[in-house]
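Observations on the model geometry
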Amino acid sequence: MSEILQHREAGVLTLTFNRLDKKNAITTAMYTRLAEELEAATADDSVRVAVIQGAVEIFTAGNDLADFLNNPPISKPGAEVPPVVRFLNAIRDFPKPIVAAVAGPAVGIGTTLLLHCDLVYAGDNAAFSLPFVNLGLCPEAGASLLLPQIVGYPKAAEKLMLGEAFYAEEALEMGLINRIVPPHEVNAYAQAQAAKLAAKPAASLRVTKQLMNMAQTQLAPVMTEELKHFGALLQGPAAKEAISAVMEKRKPDFSKC
Ligand code: COA
């Protein structure tokens, strides 16, 4: 079965992470699929809203760690855009509302992709984390710009520099999510909100989203800059040590990094 499930009904495109044996960790193939779906939906008038969701026990464990080493997201001149970058560009530029439903852990890009969603609902078991520094990396998906804008600089610095998990209550207080619901109800709640949006005038929603994002002129350049540093750091000693440590379930040793 596909590791990204797609369902279209009544104007709502639903994309579901479906790789539970690996905690919905996202591979390059999954990023490509997500990007293809969002790109196709952009041009398809029958899609009025997109929903991104996971399972009741986990949203996603973030980027597949083996892929970080084997298929690093490094942009080379003349080469194809890395799948994660294609996905991030697609979610950033998606002109219609995106609703996210998060239950359980949302690690790394599992949290940063939410910064590109319009409405985010979370189960009370949701655990957000931005462990980029702990992995010897730096923020991606425009998080270095969007997170301080949304939650304020001190909170953003705490979450991005310490990389500790934070939970639904704090995420709600910070303004990162819209509402907390029981974990078993979060996907259905997101669907109900998406159905409300799908019944509204599509052009008004599109223009509203466009206007709300019009001042965001630095987002694309910041994402390009993040990617440059992310790619370089990924090839450095700290990332190699940190990623091996997670995969070997041991503590990393940064004494030489
Ligand atoms: N990439 C690849 N595989 C992953 C993964 C990831 N990001 N996250 C989990 N997995 C795999 C584990 O290796 C394990 O595989 P195995 O059964 O073949 O050994 C399986 O998923 C189950 O993971 P496990 O850690 O046992 O589950 P858990 O419920 O105890 O913990 C998490 C869940 C998400 C908290 C934990 O897996 C985790 O922290 N993962 C790493 C997250 C991460 O650092 N992501 C990168 C962000 S930039």
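Residues numbered from 1 in each chain as written. Predicted model: local features only at pLDDT ≥ 70, side-chain atom pairs only at ≥ 80, totals over all residues. Heavy atoms only, no water.

1. Let's talk about the site of the ligand
The cut-off we apply is this: Residue proximity to a molecule or strand is established when one non-hydrogen atom of the residue lies within 4 Å of it. Polar contacts here mean pairs of N or O atoms no more than 3.5 Å apart (in protein, one a potential hydrogen donor and the other a potential acceptor; neighbouring residues in sequence count only if both atoms are side-chain atoms).
Surveying the vicinity of the ligand reveals 15 residues, the closest of which are Lys22, Lys23, Ala61, Asn63 and Leu65. In this structure, an oxygen atom belonging to the ligand sits 3.2 Å away from a side-chain N or O atom of Lys23. Backbone polar atom of Asn63 to a nitrogen atom of the ligand: 3.1 Å apart, as the coordinates give it.

2. Structural notes on the nonpolar core
As a reminder, the rule being used: Take the buried residues of types Ala, Val, Leu, Ile, Met, Phe, Trp, Tyr and Cys, join any two whose side-chain atoms come within 4.5 Å, and each joined set is a nonpolar core. Only protein chains enter the accessibility calculation, which uses a 1.4 Å probe; a residue is then buried when its area is under 20% of its type maximum, exposed when over 50%, and partly exposed in between. Two residues qualify as a contact provided that any one of their heavy atoms is within 4.5 Å of a heavy atom in the partner residue.
Counting 63 residues, the largest nonpolar core has Phe17, Phe87, Ile91, Val102, Leu113 and Phe128 as its most contacted members. Once residues lying within four places of it in the same chain are set aside, the contact partners of Phe128 are Val102, Ala106, Thr111, Leu114, Ala122, Glu164, Ala165, Phe166, Tyr167, Ala168, Ala171 and Ile177.

3. Side note on the confidence of the model for the protein chain
Rules: As a per-residue quantity, pLDDT reports the predictor's confidence and falls between 0 and 100. Runs of E in the DSSP output that reach at least two residues are strands. Runs of H or I that reach at least four are helices, and both are numbered from the N terminus.
Here the protein chain averages 97 in pLDDT, while 100% of its residues score no lower than 70. The least confident element of the protein chain is helix H2 (residues 65-70), whose mean pLDDT is 90; the most confident is strand E4 (residues 98-102), at 99.

4. Overview of the pattern of salt bridges
A pair can form between side chains of opposite charge whenever their charged atoms are brought close. To be explicit about the condition: Each reported salt bridge corresponds to a side-chain nitrogen of Lys or Arg within 4 Å of a carboxyl oxygen of Asp or Glu.
Taken as a whole, this structure holds 14 salt bridges when the rule is applied. Notably, a salt bridge pairs Arg19 with Asp64, separated by 2.7 Å at the nearest N-O pair. Of the two residues, Arg19 is situated in the loop between strand E2 (12-17) and helix H1 (28-42) and Asp64 in the loop between strand E3 (49-53) and H2; the sequence distance between them amounts to 45 residues. Of the two residues, Arg19 and Asp64, neither departs from the other in class, the shared state being buried. A salt bridge links Glu225 to Lys228, with the shortest nitrogen-to-oxygen separation between them at 3.3 Å. Of the two residues, Glu225 and Lys228 both sit in helix H10 (residues 219-234), three residues apart, roughly one turn of that helix. Bridged by salt links that share partners, the residues Lys155, Glu158, Lys159 and Glu170 form one connected network.

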